Amino acid sequence: DDDIFSSAFCENSEKLINVQLFALAAKYYSLSNLGVCTPLEDVLEALKGDSEGATGIKPDEFMNNKKSHEVQVMSELVDSIANYCGIKQVIDIGSGKGYLSSFLSMQYNLKVYGIDSSSSNTNGAHERNRKLKKHWRAYQSRGKESLKSQSLEMANDRQVEHELNCKKINEELLNNASSFQNQGQVTVQDLVPSCGFIEMAALETNTETEADLVTGTQSDETKLSEEVLAVLNVLPIDAVEDFSSSHCNCGELCEEEKVQRKMTSLKTKARKSSESNLYLPLTSCITAETELSDIITDLEDCVMVGLHTCGDLAANTLRIFTAKPEIKAVCSVGCCYHLLSEQFENQEAFFSLHIAECHDQVWGFPMCQYLKDKGWCCGRNARMSACLALERVAVGQMLPTESLFYRAVLQVIIEEIYGVTKSDRHVGKTFSKSSSFIDYVRRSLRKLELDDSKVPDSCIMDYYEKYKDRMNELEAFNMLKVVLAPCIEVLILLDRLCYLKEQENIAWSGLVKLFDPVKSPRCYAVIALK
């Protein structure tokens, strides 16, 4: 009940008076409690039907634990969507270093275009992809040697076993024949056909042994490919030579078979040529108005994906999806909510003389007409809070209180001594590089292009001493922000889902929790099918 939760605050002062009730209210309005998400298992089941999922190695050999977890889960979902829609092309928006793109192409043989605005990311993705392919080739080479060695060992073992079996059969037959002769049941001449039987038995046994050898070899090859060469599953099918099949002598082949093999070889080469670039990183800045056909010349029916698309890019990904008929499905996981542009954040600007210009601008929030009609605004502080990771804090990964304290005191120094309240420049990750608070302040001032000689060390330490007793207060304040974070994230995600629900060309849309929030706090995907 909203009335019950409102009593967490004082009616007159509006100050927080009941922390427990505040925490319960925040939990009540979190996405996990609202019942609006579709379980990932249900989505995969609906998409796959009777088909089997791909098997292969985990990507943790070449990614950190967090990225490996994200790529493995999301790539399986994207492949299921692509199979369901009957398409092979994927466009990865904000592809970064190409982790998801390269895995989709190698593991699932999808043709992926990774688009990123940073040329350094694109170049890095190219180089990384080249090294990955080289890595898999080395794995393949070791696999061949291992297979060859195992096959030879098996052949030797089976040959010895075969010889022992033949010897045993001959001995048994001769012993039986000798026994029969002694008993007077047969003559020596009657044993002549038995010699033929012995030869036939040996021949038949030999044939069976060879058949067993072939079957056994194939079985062992299968086992080896599953256990030793599982890594090969991440390669496209035409990137792996078929070293499990036996190579016959071409001289023994009939003309028809030669022609057939030649045609197959030509087709394979043609396919290799056409699929030589299964993953292509591209550099381009994506906006809501971007024409994908200008970037991708062979654009066809495709799935659009985004793994942690930053700020407005997540919103624009959904807008492009709804506008372009070629894009049949979308799977987008956003991040960096603090970088979203808000239509109603600066009310003065909105109702100024430039109202028409502002009205035409595309904003990151809100997207749906429902919140637009309400003129809803979160504000930067709320969006910053939405980026916090409650689940990580809950398992003991506490907030970096000292660095937050450094930054808060720095803000006071900048405002009181320099008179600066806003700046286009950022302090960034200065704390980790600083040896002390004085060092932190001086590094930060230089990054902000402020004259640090204006502040002596003693003055800097005076500010530190003045506020250090309030560090616990700052920590408590930030913990309240962490508790509230999921509620603000809900607002942003539901806005995106509602936008899709308002579109007429969407067959299904939903929110799906993809990742473990401790490993990857921005764990919710917006998914839609046309």
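Residues numbered from 1 in each chain as written. Predicted model: local features only at pLDDT ≥ 70, side-chain atom pairs only at ≥ 80, totals over all residues. Heavy atoms only, no water.

Named according to an unreviewed UniProt entry, the chain is MET25 protein originating from Calcarius ornatus.

Participant: Teacher, can you tell me more about the overall build of the chain here?
Facilitator: For the chain, the helix and strand inventory stands at 20 helices and seven strands. Scored against the burial criterion, the 530 residues of the chain give a buried share of 39%. Contacts spanning at least 24 positions in sequence make up 74% of the contacts within the chain whose residues lie at least 6 apart. Accessible area for the chain stands at about 30,200 Å²; split by element, carbon and sulfur atoms hold 52% of it. (Helix = DSSP H or I, 4+ residues; strand = E, 2+ residues; numbered from the N terminus. Buried < 20%, exposed > 50% of the residue type's maximum accessible area, 1.4 Å probe, protein only. Contact = heavy atoms within 4.5 Å. Areas by Shrake-Rupley, 256 points an atom, 1.4 Å probe, with all protein chains shown as cover.)

Participant: Where do I start with the nonpolar core in this structure?
Facilitator: Note on soluble globular proteins: their nonpolar side chains tend to be buried together. M74, L77, I81 and L514 are the most contacted members of the largest nonpolar core, which has 73 residues in total. Those residues within four positions of I81 in sequence are excluded, and the remaining contacts are L47, V303, A329, C331, I527 and L529. Residues I413, F437, L450 and V455 belong to the second largest nonpolar core, which totals 20 residues. (Core = buried A, V, L, I, M, F, W, Y, C linked by side-chain atoms within 4.5 Å.)

Participant: I would appreciate a short explanation of unusual backbone geometry in the present structure.
Facilitator: Leaving glycine aside, a negative phi is the common case for residues, and trans is the common case for peptide bonds. F365 connects to P366 through a cis peptide bond whose omega is -5°. Assignment of secondary structure puts P366 in the loop between α13 (355-360) and α14 (369-374). In this structure, E14 is a non-glycine residue whose phi angle is positive, near 65°. Its location among the elements puts E14 in the loop between α1 (2-6) and α2 (19-28). With a relative accessible area of 64%, E14 lands in the exposed category. One non-glycine residue, N109, adopts positive backbone phi at about 60°. The topology assignment puts N109 in the loop between α6 (99-108) and β2 (111-116).

Participant: Help me out: how do you make sense of a nonpolar patch on the surface in this one?
Facilitator: Judged by side-chain polarity, Y28, Y29, L34 and V36 come together as a nonpolar surface patch covering roughly 320 Å² of accessible area. Structurally, the position occupied by Y29 is in the loop between α2 and α3 (31-34). Taking the relative accessible area as the measure of exposure, Y29 reaches 31% and is therefore partly exposed. (Patch = residues over 30% accessible without salt bridge, like charges linked within 9 Å, V, L, I, M, F, W, Y side chains within 5 Å. Salt bridge = Lys/Arg side-chain N within 4 Å of Asp/Glu carboxyl O.)

Participant: I tried to follow the pairing of strand β5 (residues 327-335) on my own but got confused; where do I start?
Facilitator: The two faces of the sheet receive side chains in turn, since in a regular strand these alternate between them. Most of β5 is tucked away, with eight of its nine residues classed as buried. Note: strand β4 (residues 302-310) against β5, eight bridges, orientation parallel. Looking at β5, one finds that M304 is bridged to V330. Each parallel crossover has a hand, and for β4 linked through helix α11 (residues 312-323) to β5 it is right-handed. (Pairing = 2+ DSSP bridges. Right-handed = clockwise from strand over helix to strand, strands pointing away.)

Participant: How should the sheet that holds β5 be read in this particular structure?
Facilitator: By definition, the strands of a sheet pair up through backbone hydrogen bonds, in either a parallel or an antiparallel sense. Across the sheet, seven strands lie side by side as β3-β2-β1-β4-β5-β7-β6; this open sheet has mixed pairing. If you trace the sheet from one side to the other, it starts and ends with β3 (279-283) and β6 (508-513), each paired once. Averaged over all pairs of adjacent strands, the angle between strand axes in this sheet comes to 15°, irrespective of strand direction. Along the sheet, α11 makes contact with β1 (89-93), β4, β5 and β7 (524-529), crossing β5 at roughly 170°. (Axes fitted to C-alpha atoms, helices over the stretch in contact; angles between N-to-C directions.)

Participant: Would you take a moment to explain the pattern of salt bridges for this structure?
Facilitator: It is possible for side chains of opposite charge to pair when their charged atoms get near one another. Across all of its chains, the model carries 15 salt bridges by this definition. With a shortest N-O distance of 2.6 Å, E70 and K66 are connected by a salt bridge. Residue E70 and its partner K66 are located together in helix α5 (residues 65-85), separated by four residues, close to a single helical turn. Salt bridges sharing common partners tie together R442, R446, D452 and D457.

Participant: Would you explain the pairing of β4 in this entry?
Facilitator: Burial within β4 is extensive, with eight of its nine residues counted as buried. Pairing analysis gives four bridges linking β1 to β4, with the strands arranged parallel. Counted as the bridge partner of I91 is M304 from β4.

Participant: I keep staring at α11 and nothing clicks. Help me out?
Facilitator: Because an α-helix packs 3.6 residues into every turn, residues spaced three or four apart end up facing the same way. For α11, with 12 residues, the first-to-last C-alpha span of 16 Å sits near the 16 Å given by 1.5 Å per residue. Three or more residues of α11 are buried, namely L313, A314, A315, N316, T317, L318, R319, I320, F321 and T322. On the buried face of α11, the contacting elements are β1, α10 (292-295), β4, β5, α20 (471-501) and β7. (Expected span 1.5 Å × (residues − 1).)

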